[in-house]
Every structure is written in structure tokens, then in C-alpha cells.
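What follows is each chain in one-letter form.
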Amino acid sequence: ARDAAFSFIYAANLQTLQELGARLCFFSPLAGDRLPPCDAVWLPGGYPELHAARIAANTGLRADLLRHLNAGLPLWAECGGMVALCESVQLPDGTVQPLWGLLPGQATLNKRLVGLGPQQLGVAGRVGAGPPSPYSTLASSAPIVARSSRPGEASAPDAGEALYRVGSLHASYFHAWFASSPRAVAHLLGGEGA
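Quick caveat, the model's predicted, so the values are computed rather than measured.

Caption draft 1: Expanded view of the pattern of salt bridges. Across all of its chains, the model carries two salt bridges by this definition. Asp64 serves as the salt-bridge partner of Arg34, at 2.8 Å between the closest nitrogen and oxygen. With a gap of 30 residues between them, Arg34 in the loop between helix H1 (11-19) and strand E1 (41-43) and Asp64 in helix H3 (residues 59-70) connect regions that are remote in the sequence. When its relative accessible area of 9% is taken as the criterion, Asp64 is described as buried. Residue Arg67 is joined to Asp64 by a salt bridge in which the shortest nitrogen-to-oxygen separation is 2.5 Å. Of this pair, Arg67 and Asp64 both sit in helix H3, three residues apart, roughly one helical turn. Here the salt bridges do not stand alone but share partners, grouping Arg34, Asp64 and Arg67 into one network.

Caption draft 2: Local environment of the nonpolar core. Of all hydrophobic cores here, the largest spans 36 residues; its most connected members are Leu43, Leu65, Leu75, Leu85, Trp100 and Leu103. For this core, the leading source of residues is helix H4 (residues 80-85), giving four residues. Formed by 12 residues, the second largest nonpolar core is a distinct cluster that contains Leu17, Trp76, Phe178 and Leu188.

Caption draft 3: The pairing of strand E11 (residues 169-172), seen in detail. Here E11 shows two buried faces, one formed by Leu169 and Ala171 and the other by His170 and Ser172. In this structure, strand E2 (residues 75-78) lies alongside E11, joined through four bridges in parallel fashion. Across the sheet, Trp76 pairs through a bridge with His170, a residue of E11. Inspection of the sheet shows strand E10 (residues 162-166) paired to E11 by four bridges, in the antiparallel sense. Bridge assignment links Arg165 to a residue of E11, and that residue is His170.

Caption draft 4: Quick peek at the layout of surface pockets. Of the voids in this model, the largest pocket is the one considered here, and its volume is about 780 Å³. Along the wall of the largest pocket there are 28 residues; nearest its centre are Ala22, Arg23, Leu24, Ala40 and Leu189. For the lining of the largest pocket, the secondary structure elements donating two or more residues are H1 and E1.

Caption draft 5: Inspection of the sheet that holds strand E9 (residues 144-147) at higher detail. Sheet architecture is open: five strands sit in the order E1-E2-E11-E10-E9, paired in mixed fashion. If you trace the sheet from one side to the other, it starts and ends with E1 and E9, each paired once. Averaged over neighbouring strand pairs, the angle between their axes works out to 15 degrees when direction is ignored. Here E1 pairs with E2 via three bridges, running parallel. In the strand pairing of E2, Leu43 is matched with Ala77. Here H3 sits on the sheet and contacts E1, E2 and E11; the angle it forms with E2, its principal contact strand, is near 125 degrees.

Caption draft 6: Expanded view of the packing of aromatic side chains. Taken as a whole, this structure holds four aromatic pairs when the rule is applied. Between Phe8 and Tyr10, the ring centres sit 5.5 Å apart and the planes meet at 70 degrees, which makes this aromatic pair edge-to-face. For Tyr10, a relative accessible area of 19% corresponds to the buried category. Grouping aromatic residues by their ring pairs yields a cluster made of Phe8, Tyr10 and Trp177. One residue, Arg2, lies across the ring of Phe26, its end atom 3.5 Å from the ring centre.

Thresholds, definitions, all that
- Residues numbered from 1 in each chain as written.
- Predicted model: local features only at pLDDT ≥ 70, side-chain atom pairs only at ≥ 80, totals over all residues.
- Heavy atoms only, no water.
- Salt bridge = Lys/Arg side-chain N within 4 Å of Asp/Glu carboxyl O.
- Helix = DSSP H or I, 4+ residues; strand = E, 2+ residues; numbered from the N terminus.
- Buried < 20%, exposed > 50% of the residue type's maximum accessible area, 1.4 Å probe, protein only.
- Core = buried A, V, L, I, M, F, W, Y, C linked by side-chain atoms within 4.5 Å.
- Pairing = 2+ DSSP bridges.
- 1 Å grid on protein atoms, 1.4 Å probe; cavity = no way out; pocket = protein on both sides within 12 Å on 5 of 7 lines; lining within 4 Å.
- Points joined across faces, edges and corners; volume = space filled by probe spheres on them.
- Axes fitted to C-alpha atoms, helices over the stretch in contact; angles between N-to-C directions.
- Contact = heavy atoms within 4.5 Å.
- Phe/Tyr/Trp six-rings, centres within 6.5 Å; stacked < 30°, edge-to-face > 60°.
- Lys NZ or Arg CZ within 6 Å of the ring centre and 35° of its normal.

None of this, on its own, says anything about what the molecule does.
Pasting the structure below:
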């Protein structure tokens, strides 16, 4: 996804995907686009809370994403991408906006950053590095399969950003720097050699 709601995309991440052999196809949830034919989906970070009504209104894309997940195809959602998949987001004024509802839970938007700084995340024994930059917190019943940690430190059970997994969906506030571990990215997105 790539538009004003999903805009936190490192150019190096796109380059890494291409070097891994991926053919990139962009779509805009805000423009009402449907999911193009694909083997994997990446919902990058951004500001879905600013566009919650338009995101929720794209029910065709929601149905496409649900079919994608029901087929067991991978979906990686980071930060804002994860928020868009939640059932709802609570804004600072207390208003609750519905979202796609493909990940159980509600995000609560804060007025300032909740976490910042370099992090690492173990994925299938491999580590990718990137900073979380959430302005929200998530209350979710989804299973947590890993947590991020500061570089050089072991992850603690209740510290760091959670990596949620529901079927073929992986989601976290963690922003992955794909070039730091292409094999981890291939694992998340179901690529060869994963």
C-alpha cells in the first residue's frame, strides 16, 4: 500500500524487495483501490488514523485482504499498517473510529510518541533492525510470537514492541529495515529460502 495513509516507506526497503526478486505493485487504499493480484502484501506505516473513515469505507479492499489471509498468503503490517487492520482506533478526543477489523483489538492514539530508537526483532532466528515510531498503543488478544529489543540486548518477555501473528498475518509497531536482514524479510513475505 502506498498513499497518504501508508507513506512510511524506506527506499532501501523497496530496493531490497526488488533485489530479492519481487515485482512491486502499488495500490492506494484511500483512492478506493482493490488488492492487485499478489503473493504477499506489505502495509507500511503511516497515518491511517487521519483517514480512518475512508479506510473503513474501502470494504472491497478489506474483503480482498481477508481472502488473501484465508488463502494463507503472507501479510506484513507495520505500525500504521497494523493500526489500519485493527477493529478500531480511539482518537485523543475519545472518538472511536472503526477500521478493517482483520486484527483483533483497538489502537489508542496518543498525543506524543510512545517509543523511539533503534530496535531489533528476531524473526525465525534472524534479526532485522529498525525503529518503532508509534503514536498509539494497541490492546489486542492476538498471539505475540516475539518482541523487539535494543541492539545487542536480549528481548524481555514484556518489553519491546510485540510481533503479533494471526495465521499468515504478522503485525508490529516495529518498522523493519529490510536491508538489515533480507532473509528475515523473505521469511515474513513467504519468499524462496525463507
